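Structural features, examined
Spelled out from the first residue to the last, the chains are:
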Amino acid sequence: MSNVLSLTTFLPILGVLLLLFIPKDSKGVLRNVTLAVTIVTFLVSLTILTGFQTNADFQFTENVPWIAAGPFVMRYNIGIDGISLWLVILTTFIMPIAVLSTFTAVEVKVKEYMICLLLLETGMLGAFISLDLFLFYIFWEVMLIPMYFMIGIWGGKNKIYAAVKFFIYTMVGSLLMLVALIFLYFKGMEAGITDFGLLNFFSLKLDMATQIWLFLAFAFAFAIKVPMFPLHTWLPDAHTEAPTAGSVILAAVLLKMGTYGYVRFAIPLFPEAAHKFAPVIATLAVIGIIYAALVAMVQEDVKKLVAYSSVAHLGFVMLGVFAFNVEGISGGMLQMINHGISTGALFLIVGFIYERRHTRLITDFGGLSKQMPIFATVFMIVTFSSVGLPGTNGFVGEFLILLGAFESQLRWWTIVATSGVILSAVYMLWVFQRVMFGELDNPKNQKLADLNAREIAIMVPLLVMIFFMGLYPKPFIDKMDPAIKKLVAQVRVASVEAKAIPGAEAVQLPAGHPPIDQSQMQMPLPAGHPDIKMASPEQGTPAVNQHDAK
Amino acid sequence: MDMLSIPVVNMTPILPEIFLSVLAMALLLINVFAPSGGQKSYLAYISFIGIVATAVLVGSGWGNHIESFNGSVVLDNFATFFKITFLVAAGLTVLISDKYMEREGCNHGELYPLILFAVVGMMLMASGTDLMTIFLGLEVMSITLYVLAGFNRANKKSNEAGLKYFLLGAFSTGFMLYGMALIYGATGTTRLYKIAEIVGQMTQPSSNVLLLAGMLLTMTGFAFKIAAAPFHMWTPDVYEGAPTPMTAFMSAGPKAAGFAALLRIFLVALPTMQVEWSQVLWVMAVLTMTVGNITALRQDNIKRVLAYSSIAHAGYALVGFAAGNGTGIAGILFYMLSYAFMNIGAFAIIILVAKKGESNGNVMDFAGLASKRPILAVVMTIFLFSLAGMPPTAGFIGKFYLFSGAVQQGYIWLAVIGVLNSAASVYYYLRIMVYMYMKEPTEEFEWVQVTAPVALALVISVAGSLIPGIVPSVILEYAQMAIKLL
């Protein structure tokens, strides 16, 4: 089927139409139908996975006219490559789990909740598959609405504050990106580009000053979503207040929008500016890693702790992505999926004990492993995955990121960031110890039931993925590899060409700014590193031509 | 004795105006001779059918270009587009008025003829190509609106609204007329095309003090009508005091009419002075957006929230106007039409939720609406998201084109200020949603009765807020055709 991508994306909307006809009091039917819809969506998305050819092209593409009015031409232009493939699969994989987790957690307004979940799924999938900048923006914004309602209606005590903060933070960033997007379109129009298609703009040559402004606008929007220090403050609030399924989706998929935005849009569209700002972004990423780890350590609320650990993990992803080499970006991409699985699992675990005890304070627990052995095992595996123990998925991603970043210009950043790995082990193991070990002295904890069949069913797929990706990551990396190599070549060529073009570096410096020393802009290569001559224009240009020819 | 020679005129361009005027007068007569008291719904139905018929009549003139009355009135796509906008606003208003007027005890039959007369005035503003015609249209519109604002005679606030609107309106009209007189003084004509010709021949029109002052004063007068800062002071009080359906009407119709006339004057008569007027509009746009949004943040009365938000929306439209290019101007046309849908729709919900004497008109009174009346809450949510400019609604596409116009013209900062304003505005729209969805209901909302006309109005408004957001071409193409021959 040629339009399987559209089918996957809009199946949840069909599910919404179905739900509208189900009376709101038959909660069981509502839940099961939603679950069925998400499972069918997942199964359909598997045909994408099996039909995906391992190469750098965009596949399953659909490109039909949508809006053509005035200076603008927007097309329904979708497709996936190795980079978006796994994020699409991750989304469809997480959704049934998230739905299943709500079966007992949500009792009020079940119908509305399920509709929100399905709308959210369409929004997320749409954003991952869009190859038209305008279309991407639409999906990117549409996602906000169901998430806002999920936090605001079914959230905890401070839900309204958290929901509004989430909405407005994201909105400010994305609206500035919108202006940049419009500006980019007009720049493209001058160069003969006729629609909003993303691929058109890759070959667009922009001068450095323009690139910097546009990059900053895009980077700001994505940095809020990631979230990067110091724009992360909405995340702990949103996570803490959101219902379990909301937290799971927020962590597993929504945050990936930000990092995906860098990989798909901000970096390849403005490669020279991305290079220029790599040290700044890496610095923020590293600060995020350390800071979030330290803050996580002193949290009393387990959910808040997991939320901060998200900030730290996403810091690693950013570090890997901005290494601009295959290892770093592969590691970053892999870590996005890992984080989706392990942090999603952590939020589910927090949800399990919250449903039982209606508290998330660490001090309320202790010695649970005696009472809930299955739970303890599951929690332990997920903890190991989260801290990146070898054999689990977390290890592969983090290792590749650190390897890639160490070999890039970000060597010193990497050294600092590595301490974050240790810190994450500290806070994760410590919270595990405080919750699971020790005396089972709280009488309320002594009657806790272990995981039931449904909860085990939720966790099993995640545990399988943790080990599968940890022990045999090859299929994942193989599928994304060509796309990442292409991206790396694209970015390198552009950055080298920029240095070759006279005047391309002629940035308008503010008055009084000391002149920029060109020699400092070169990447310091680690000792013994093979010279990156492969990035010279002679060898690099064919790669670009190849891409253009497609 | 010489016969007074009457020039042969082509009546086609003002056929809709004639039709509506006759209908309005007929309604007045019907109202007099019909048994007094009791139901007035039939007047609303007749008006609505008449409005639909007029819309068909107007629509059939699409694509024509007929000048008449010696070049003082024109039938062109620009006028047609705006006439449809006014008719949409009037039609929706008529649908939501009946129940409200009955509830508030001011169900006087004159309401509907007055609305129709106001539309006639707006239509003349949109099709006038002579400063005098435009002014006459404006006066017809304004005088009926003064009455409509104070229509609820027994209500103090409504009286205040009417009087305030009248006093300030008359004052601003003075400015406008003075400005027009100065333009006449500088050029010797009131015909827009002639003015353009004469100004075009001037070597340096911007150093012609008479013309410049005329332009600025005319702009001041219109800025009052479209509620642009710093001439917006009347808006919140008038909008709050006026009967809610009239507030809805005033926020959509006259604003569009003001833009229609201002666009026509500036783009047809004074295109050579674009540098000058777009600078002024730049500043005015920033002021209007910012004042409207910042003040709206602190309002509790929902009519005031929407009043200030309507100021902000005039500001967004001014962004497109300041840009002055095809993208921005087409954006204004698109936005005015979709704004009529979403704003009147939102007011329709406010009417439903309010109780007699408008006692239930605070944002807090919407608490728990989603639990008790979920469909109404969803409908209101669509309007609010459209007002906030979220995709996939018409409000988003409208803002997209307005801000794109600014970016295309190089006014990046104007667009940035615009989107930041837009982000700020999200807060007060979200606040209404917070009460609807996230607070416990304090009321049962048992008095909320959706009658058939109101339901029809809501369906039309929802369609008008959503469909152009998903397939914008349905309106945008016409908007772009409309500005082509300007």
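Only a predicted model underlies this, so the values are computations on that prediction, with no experimental measurement involved. (Residues numbered from 1 in each chain as written. Chains lettered and ligands numbered in written order. Predicted model: local features only at pLDDT ≥ 70, side-chain atom pairs only at ≥ 80, totals over all residues.)

Turning our eyes to something else, we now look at the overall build of chain A. Scanning chain A for helices and strands turns up 22 helices and two strands. In chain A, buried positions account for 57% of the 550 residues. Restricting to contacts in chain A with at least 6 residues of sequence separation, those with at least 24 account for 81%. (Helix = DSSP H or I, 4+ residues; strand = E, 2+ residues; numbered from the N terminus. Buried ≥ 20, exposed ≤ 12 C-beta atoms within 10 Å, placed from the backbone. Contact = placed C-beta atoms within 7 Å.)

Counting secondary structure elements, chain B contains 19 helices and two strands. Compactness check: chain B gives a C-alpha radius of gyration of 22 Å against a globular reference of 23 Å for 486 residues, within 12% of the reference. Principal-axis analysis of the C-alpha atoms gives chain B an extent of 70 × 60 × 40 Å. The buried share among the 486 residues of chain B stands at 62%. Long-range contacts, defined as pairs at least 24 residues apart, comprise 80% of the intrachain contacts of chain B with a sequence gap of at least 6. (Rg over C-alpha atoms; globule rule 2.2 N^0.38 Å.)

Take the pairing of strand 2 (residues 72-80) of chain A next. Residues and elements named next belong to chain A. Sheet analysis places strand 1 (residues 59-69) next to strand 2, joined by eight bridges and oriented antiparallel. Pairing of I67 across the sheet is with M74, part of strand 2. Between strand 1 and strand 2, which pair antiparallel one after the other, the connecting turn spans two residues, and G70 there sits at a positive phi close to 65°. (Pairing = 2+ DSSP bridges.)

All names here are of chain A. For helix 11 (residues 244-269), built from 26 residues, the straight-helix expectation of 38 Å at 1.5 Å per residue is met to within 8% by its first-to-last C-alpha distance of 36 Å. Along helix 11, the largest kink reaches about 40° and is centred on L250. Extensive coverage of helix 11 is indicated by the burial of 25 of its 26 residues. (Expected span 1.5 Å × (residues − 1). Bend = angle between axes of the 7 residues up to and from the residue.)

Glancing now at helix 7 (residues 192-201) of chain B. Residues and elements named next belong to chain B. Of all the residues in helix 7, the buried ones are L192, I195 and V199. Buried residues in helix 7, looked at end-on, bunch into an arc of 55°, giving them a common side. Turned more than 90 degrees away from the buried face of helix 7, the exposed residues are G200 and Q201. In the core, the buried residues of helix 7 are packed alongside helix 6 (156-187), helix 8 (209-225) and helix 10 (244-269). (Arc of directions from axis to C-beta.)

Here we come to the nonpolar core. One finds V179(A), F218(A), A266(A), L319(A), V119(B), A322(B) and L333(B) to be the most contacted residues of the largest nonpolar core, which totals 399 residues. No other element matches helix 13 (residues 326-353) of chain B, which puts 21 residues into this core. Sequence-distant contacts of A266(A), defined by excluding residues within four places in its chain, comprise F215(A), F218(A), A219(A), F222(A), G261(A) and A274(A). (Core = buried A, V, L, I, M, F, W, Y, C linked by C-beta atoms within 7 Å.)

Attention now moves to the interface of chain A and chain B. At the interface, 26 residues of chain A touch 29 residues of chain B. Elements with a contribution of two residues or more to the side of chain A that touches chain B: strand 1, helix 5 (133-142), helix 6 (144-154) and helix 7 (159-190) of chain A. Looking at which element gives the most residues to the side of chain A that touches chain B, the answer is helix 7 of chain A, with 14 residues. The residue makeup of the side of chain A that touches chain B, split by class, is 22 nonpolar, two polar and two charged. (Nonpolar A, V, L, I, M, F, W, Y, C, P; charged D, E, K, R; others polar.)

Another aspect to go through is the packing of helix 14 (residues 326-357) of chain A against helix 17 (residues 393-407) of chain A. Residue and element names in this part refer to chain A. Running from N to C, helix 14 and helix 17 point in directions that differ by 150°, and their axes come no closer than 7 Å. Taken together, helix 14 and helix 17 sit at an angle that is classed as roughly antiparallel. Crossing handedness for the pair helix 14 and helix 17: left-handed. When helix 14 is examined against helix 17, the residues E327, G328, S330, G331, G332, L334, Q335, N338, I341 and S342 are found in contact with a partner set consisting of N393, G394, V396, G397, E398, L400, I401, L403, G404, A405 and E407. Along the lines of polarity and charge, the residues of the contact of helix 14 with helix 17 split into seven nonpolar, 11 polar and three charged. (Axes fitted to C-alpha atoms, helices over the stretch in contact; angles between N-to-C directions. Parallel < 35°, antiparallel > 145°, perpendicular 65-115°, else oblique. Left-handed = near helix turned anticlockwise from the far one by under 90°.)

Okay, unusual backbone geometry next. Residue and element names in this part refer to chain A. Omega for the peptide link from V226 to P227 comes to -10°, which places this bond in the cis form. Tracing the backbone shows P227 in the loop between helix 9 (208-225) and helix 10 (234-241). Put simply, F229 and P230 share a cis peptide bond, and its omega is 0°. The phi dihedral of F324 falls on the positive side, at around 60°, and the residue is not glycine. Mapped onto the elements of the fold, F324 is located in the loop between helix 13 (302-321) and helix 14.

This paragraph deals with the confidence of the model for chain A. Residue and element names in this part refer to chain A. Per-chain confidence: chain A averages 84 in pLDDT, with 89% of residues scoring 70 or above. Per-element confidence in chain A is highest for helix 5, whose mean pLDDT is 92, and lowest for helix 22 (residues 537-549), whose mean pLDDT is 41. In the model, residues 517-522 has pLDDT below 50 throughout and makes zero contacts with residues more than four positions away in sequence or in other chains. Across residues 532-550 the pLDDT falls below 50, and counting only partners more than four positions away or on other chains, this stretch makes 21 contacts in the model. (pLDDT = per-residue confidence, 0-100.)

All names here are of chain A. Here I22 shows up in the loop between helix 1 (4-20) and helix 2 (27-51). Overall, the presence of 17 C-beta atoms within 10 Å leaves I22 in the partly exposed class. Taking the C-alpha atoms as reference, I22 lies 9.5 Å from V33; in sequence the two are 11 residues apart. With sequence-adjacent residues up to four places away left out, I22 is seen in contact with V29, L30 and V33.

A separate point is the confidence of the model for chain B. Do not read the predicted coordinates in detail wherever pLDDT is low. Summing up the model confidence of chain B, the mean pLDDT is 89 and the portion of residues at 70 or higher is 98%. Confidence estimates for the predicted assembly give a pTM of 0.89 and an ipTM of 0.90.

Residue and element names in this part refer to chain B. Interhelical geometry of helix 13 versus helix 18 (residues 452-470) gives an angle of 140° and a closest axis separation of 8 Å. Classified by the interaxial angle, the pair formed by helix 13 and helix 18 is oblique. In this structure, helix 13 crosses over helix 18, and the sense of that crossing is left-handed. Across the interface between the two elements, S338, F341, M342, I344, G345, A348 and L352 of helix 13 pack against V454, A457, L458, S461, V462, G464, S465 and P468 of helix 18.

All names here are of chain B. Its place among the elements puts M125 in helix 4 (residues 111-127). Counting along the chain gives 139 residues from M125 to R264, while the straight-line C-alpha distance between them is 9.1 Å. Contacts of M125, omitting those with residues within four sequence positions, involve I134, G137, L138, M141, A257, A260 and A261.

Okay, the environment of F72(A) next. Residues and elements named next belong to chain A. The residue F72 is located in strand 2 in this model. Take F72: there are 20 C-beta atoms within 10 Å of it, and that puts it in the buried class. Those residues in contact with F72 that sit more than four places away from it in its chain are I67 and Y185.

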